[in-house]
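Each chain, written out:
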Amino acid sequence: MEVVCLRHASKECNGLQACCGIVKLPNNQEPSGRNEFNVSAADPAEFARVQRELTEAKQSLKTLYAALDNVDSGLLVLNDELRAVYSNPVLHVMFRANSSAEIRETKPLYADMLTASAQAVAVNLDDYVARRLAWVRSGDNKPMDLTMADGKVLRCHLAILPGGGRMLIYSDVTDIVRNAEDLERLATTDGMTGIYNRRHFLTLADREWTRTRRYGRPLSFLMIDIDNFKSINDSFGHQIGDEMIVHLANLASGCKRNCDVLARIGGEEFALLMPDTDLPQAQAAAERLRRDVAASSLVAAPHSIPATVSIGVATSERAMNDVSDLMKAADQALYDAKRAGRNRVNCCISRDATPSIADPCHDTSLDAASTYVRLLIE
């Protein structure tokens, strides 16, 4: 096979294919390789056409790189061996590893790039690299979010390229994620106290009721109300009344376990759902909260304002159809506590409860804090 350098239209070059990548095949055969062209050095027009096409291709590539370099998102292009062949400057600002020039010159493996950049990502290194590689190989078009060590959140989209390559597109979605979190917080929490609101509480209560029935575990519910709250508003003003609500929410939060669900479900009314808790345990928790509130006055200069709460307690029963029945039982127990003199814990129990639970339990240390046990007539 005769090799001709089309750049010089002669055989003067050594390593001609490296010079031009063009050969003249014998007997006018068709080219069998991707880098072989049947071009005659004696045909200046054909030579000029090929040279022009190469120049245009190089210019197009430069134009494409220049355009991608100015894209706001981080871009990384991988070939079929998952080696990086292009990246734009934004990508390196995001990950603080490998420059664009280094990528184009060394064409590193994507796995090595992951290892180098993982120091800027708040994840376990081995797990991070394994998950990312599996995701890229799969070609999954579902975006993946990455939380960086500085708190930023990057969202990565994956595109499959011809020939088995991949393009990864990284966008900073920190503000979007934070706004979504803010919206979720507004939708699920009470703006004044920061604990759950009524709507979200009912959603969580329904889930917990289902779990309780499935596994046969006890579930208790506390209905909590600030005593004589109207008189606090009338005597000190609504601002102090609001501070009293926050004060009680803080005390109740300090008494509950991590698995318990606390919510403000009315003006001065709160609910506490206690999974895996039977009636004696719930009664003891309610009494602790009642004592804490009675012993902790709200300090609002120049006043120190005492307050008490009444609490109704109920535990799930086989005869109950759903969580609303449990809430009704606790609400009735709360009503009886109010009617009996306030600053009390009332337990609503079924007819078949054991005598040790059904017997009234009095607090002899504080006369106003006796525990009243009500029998639920089925």
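Here, the structure is the one placed above.
Which residues make up the pattern of salt bridges, and what are the values?
Opposite charge on two side chains allows them to pair when their charged atoms are near. All told, the structure shown has 18 salt bridges when counted by the stated rule. Between arginine 264 and aspartate 190 there is a salt bridge whose closest N-O contact spans 3.3 Å. Placement of arginine 264 in strand β7 (residues 261–264) and of aspartate 190 in the loop between α7 (174–188) and α8 (198–215) is noted, with a sequence separation of 74 residues between them. Taken together, the shared-partner salt bridges connect Glu208, Arg211, Arg217 and Asp276 into one network.

Explain α8 to me, using residue names and the numbers behind them.
Compared with an ideal rise of 1.5 Å per residue, which puts 18 residues at 26 Å, α8 spans 26 Å between its outermost C-alpha atoms and is within 8% of the ideal. Buried within α8 are the following residues: His200, Phe201, Leu204, Ala205, Glu208, Trp209 and Thr212. In this fold, the buried residues of α8 make contact with α7, β6 (219–226), β7, β8 (269–275) and α12 (323–339). Once α8 finishes, glycine 216 follows within two positions and takes phi at roughly 65 degrees, a positive value.

Got a sec to walk through unusual backbone geometry? Specific residues and values, please.
Negative phi characterises most residues that are not glycine, and trans characterises most peptide bonds. The phi torsion at asparagine 228 lies on the positive side, around 50 degrees, for a residue other than glycine. Mapped onto the secondary structure, asparagine 228 falls in the loop between β6 and α9 (229–236). What makes asparagine 228 partly exposed here is its relative accessible area of 45%. One non-glycine residue, arginine 342, lies in positive phi territory at about 70 degrees. Its location among the elements puts arginine 342 in the loop between α12 and β12 (345–349).

Now, about the nonpolar core: what can you tell me, with residues and values included?
Ranked by internal contacts, the top residues of the largest apolar core, which has 32 residues, are Leu222, Ile224, Ile226, Met244, Phe270, Ile311 and Val313. Contributions of two or more residues to this core are made by β6, α9, α10 (238–255), β8, α11 (279–295), β9 (298–300), β11 (309–315) and β12. A total of 7 residues in this core trace back to one element, the largest contributor, which is α10. Apart from residues lying up to four places away in sequence, isoleucine 224 is in contact with Leu248, Glu268, Glu269, Phe270, Leu272, Leu289, Val309, Ser310 and Ile311. Ala84, Ile103, Leu133 and Leu146 belong to the second largest nonpolar core, which has 24 residues in total.

I'd like a description of the packing of aromatic side chains, backed by residues and values.
This model, assessed by the stated rule, comprises 3 aromatic pairs. Ring centres of phenylalanine 95 and tyrosine 170 lie 5.0 Å apart, and the angle between their planes is 80 degrees; this geometry places the pair in the edge-to-face category. Of the two residues, phenylalanine 95 is situated in helix α3 (residues 89–95) and tyrosine 170 in strand β5 (residues 166–172); the sequence distance between them amounts to 75 residues. With respect to class, phenylalanine 95 is no different from tyrosine 170; both count as buried. Aromatic side chains phenylalanine 201 and phenylalanine 221 sit 5.9 Å apart centroid to centroid with 50 degrees between the ring planes, which places their arrangement in the tilted category. Pair noted here: phenylalanine 201 is in helix α8 and phenylalanine 221 is in strand β6, with a separation of 20 residues, a long-range link. The class for phenylalanine 201 is buried, based on a relative accessible area of 0%. Above the ring of tyrosine 65, the side-chain terminus of arginine 104 is found at 4.3 Å from the ring centroid.

With reference to specific residues and values, describe the pairing of strand β4 (residues 153–160).
Sheet topology places strand β3 (residues 144–147) next to β4; 4 bridges connect them, and they run antiparallel. Bridging from a neighbouring strand, aspartate 145 pairs with arginine 155 of β4. With antiparallel pairing between neighbouring strands as the criterion, β3 and β4 make up a hairpin whose turn holds 5 residues, including glycine 151 at a positive phi of roughly 95 degrees. Between β4 and β5, which pair antiparallel in sequence order, lie 5 residues; one of them, glycine 163, sits at a positive phi of approximately 85 degrees.

Tell me what's going on with the packing of α8 against α12, and back it up with residues and numbers.
Where α8 meets α12, the axes come as close as 9 Å, and the angle between the chain directions of the two elements is 110 degrees. Judged by the inter-axis angle, α8 sits roughly perpendicular to α12. Residues Phe201, Leu202, Ala205, Asp206 and Trp209 of α8 form the contact with α12, whose participating residues are Val323, Leu326 and Met327. Of the residues in the contact of α8 with α12, the class split is 7 nonpolar, no polar and 1 charged.

Describe empty space enclosed by the protein, listing the residues and the values that go with them.
Under the defined criterion, the tally for this structure stands at 2 cavities of 30 Å³ or more. Approximately 60 Å³ is the volume found for the second largest cavity. Contributions of two or more residues to the lining of the second largest cavity are made by α10, β8 and α11. Broken down by element, the residue count for the lining of the second largest cavity peaks at 3 residues, all from α11. Its residues assigned to classes, the lining of the second largest cavity comprises 7 nonpolar, no polar and 3 charged.

Can you lay out the side chain of asparagine 343 for me, pointing to particular residues and giving the numbers?
Inspection of the secondary structure assignment puts asparagine 343 in the loop between α12 and β12. Separated by 3.1 Å, the side chains of asparagine 343 and arginine 290 make a polar contact.

How each quantity is defined
- Residues numbered from 1 in each chain as written.
- Predicted model: local features only at pLDDT ≥ 70, side-chain atom pairs only at ≥ 80, totals over all residues.
- Heavy atoms only, no water.
- Salt bridge = Lys/Arg side-chain N within 4 Å of Asp/Glu carboxyl O.
- Helix = DSSP H or I, 4+ residues; strand = E, 2+ residues; numbered from the N terminus.
- Expected span 1.5 Å × (residues − 1).
- Buried < 20%, exposed > 50% of the residue type's maximum accessible area, 1.4 Å probe, protein only.
- Contact = heavy atoms within 4.5 Å.
- Core = buried A, V, L, I, M, F, W, Y, C linked by side-chain atoms within 4.5 Å.
- Phe/Tyr/Trp six-rings, centres within 6.5 Å; stacked < 30°, edge-to-face > 60°.
- Lys NZ or Arg CZ within 6 Å of the ring centre and 35° of its normal.
- Pairing = 2+ DSSP bridges.
- Axes fitted to C-alpha atoms, helices over the stretch in contact; angles between N-to-C directions.
- Parallel < 35°, antiparallel > 145°, perpendicular 65-115°, else oblique.
- Nonpolar A, V, L, I, M, F, W, Y, C, P; charged D, E, K, R; others polar.
- 1 Å grid on protein atoms, 1.4 Å probe; cavity = no way out; pocket = protein on both sides within 12 Å on 5 of 7 lines; lining within 4 Å.
- Points joined across faces, edges and corners; volume = space filled by probe spheres on them.
- Polar contact = N/O pair within 3.5 Å; in protein donor to acceptor, adjacent residues only side chain to side chain.

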